[in-house]
Amino acid sequence: MTAPSALPAPHDTPLDLGGRTALVTGAAGGIGRACALRLAAAGAKVRAVDRDAEGLEALAAAAADIGGAVEPLVLDLTDLDAAEAAAAGTDVLVNNAGLQLVRPIEEFPPDVFHTVLTVMLEAPFRLIRGALPHMYGQGWGRVVNISSVHGLRASAYKSAYVAAKHGLEGLSKTTALEGASHGVTSNCVNPGYVRTALVEKQIADQALAHGIPEERVVAEVLLQDSALKRLIEPEEVAQAVAYLCGPQASFVTGTSLVLDGGWTAH
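Novice: In this structure, what is going on with helix 4 (residues 110-138)? I would like to understand it.
Specialist: It helps to recall that an α-helix has 3.6 residues per turn; residues three or four apart then point in one direction. Here helix 4 is 29 residues long and its end C-alpha atoms lie 41 Å apart, about the 42 Å a rise of 1.5 Å per residue gives. Of all the bends found along helix 4, the most pronounced is centred on threonine 118 and spans about 40°. In the stretch just after helix 4, glycine 139 is the one whose phi turns positive, near 75°.

The following block contains the structure:
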């Protein structure tokens, strides 16, 4: 039997992204912030993209405290040409930015639906498009798309978010198929409800949509289908992203890494 040409590093090898450039969208808070700090701690120079200038400044300071390097880039991802340009020269791309509105379809504002699809599906396409030439040229790249359990399952009142995440799943798989021969992997990370400002805002929206008090929303709506009755922390999602960027995951591509507390086990 012929030995494989390159074996993965031992399981205890720490993630080393020294000399790599990582771009993380939605980096000023929540999952994006945790991912940016995790990748910076691994030695990557992180290009942190967000509309929130103050949040990016705070992120850069936090990264400096742990010896990491973060380059803040204030950018609205609805500017698709700018998004694509920002991804040039990227070795690791983390598509994380998102927004949410909870409304019945017949009441869902069409302009908001358009914006959600632009930020959460079209912008990732443009960012991937901007990043791939460099990745292909060097024969290595990692695309990690922060999807959601809603990329695999639907929930009522979230038409735009569910549509965008389902689309992101398909985009990620297509990227994996095209990138495989160039040393580029592409995967989704699919958390359940994460302890972020986006989820906290949903509690009020869900209470209104379902006609129940806010204190009942977490247990009866958000975590109803989860076997583990807690929110996942942003740092847990960031560790999954880090795994997909490491040598141990070199054969993992075109798939979805589900962190949903057992939601999709039903």
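Novice: What exactly am I supposed to notice about unusual backbone geometry here?
Specialist: The bulk of non-glycine residues show a negative phi, and the bulk of peptide bonds are trans. Located in the positive-phi region is tyrosine 157, a residue other than glycine, with phi close to 75°. Locating tyrosine 157 in the fold gives a position in the loop between strand 5 (141-146) and helix 5 (159-179). When its relative accessible area of 29% is taken as the criterion, tyrosine 157 is described as partly exposed.

Novice: It is not clear to me how the packing of aromatic side chains should be interpreted in this structure. Could you clarify?
Specialist: Two aromatic rings, taken as a pair, are described by how far apart their centres are and by the angle between their planes. All told, the structure shown has two aromatic pairs when counted by the stated rule. Between the aromatic rings of tyrosine 193 and tryptophan 263, the centroid separation amounts to 5.7 Å while the plane-to-plane angle is 20°, which identifies the pairing as stacked. Residue tyrosine 193 is located in the loop between strand 6 (184-191) and helix 6 (197-210), and its partner tryptophan 263 is located in the segment after strand 7 (256-259); the two are separated by 70 residues in the primary sequence. As far as the burial class goes, tyrosine 193 and tryptophan 263 line up, both buried. When the ring centre of tryptophan 140 is taken as reference, the NZ or CZ atom of arginine 20 above it lies at 3.9 Å.

Novice: I'm lost on the pairing of strand 1 (residues 21-25) in this one. Help?
Specialist: Within a regular strand, the side chains alternate between the two sheet faces. Extensive coverage of strand 1 is indicated by the burial of five of its five residues. Here strand 1 shows a buried face lined by Thr21, Leu23 and Thr25 and a second buried face lined by Ala22 and Val24. In this structure, strand 1 lies alongside strand 2 (residues 45-50), joined through five bridges in parallel fashion. Counted as the bridge partner of threonine 25 is valine 49 from strand 2. With helix 1 (residues 30-41) bridging strand 1 and its parallel neighbour strand 2, the resulting β-α-β unit is right-handed. Pairing of strand 1 with strand 4 (residues 92-95), which is carried by three bridges, proceeds in the parallel orientation. Counterpart to alanine 22 in the pairing with strand 4 is valine 92.

Thresholds applied
Residues numbered from 1 in each chain as written. Predicted model: local features only at pLDDT ≥ 70, side-chain atom pairs only at ≥ 80, totals over all residues. Heavy atoms only, no water. Helix = DSSP H or I, 4+ residues; strand = E, 2+ residues; numbered from the N terminus. Expected span 1.5 Å × (residues − 1). Bend = angle between axes of the 7 residues up to and from the residue. Buried < 20%, exposed > 50% of the residue type's maximum accessible area, 1.4 Å probe, protein only. Phe/Tyr/Trp six-rings, centres within 6.5 Å; stacked < 30°, edge-to-face > 60°. Lys NZ or Arg CZ within 6 Å of the ring centre and 35° of its normal. Pairing = 2+ DSSP bridges. Right-handed = clockwise from strand over helix to strand, strands pointing away.

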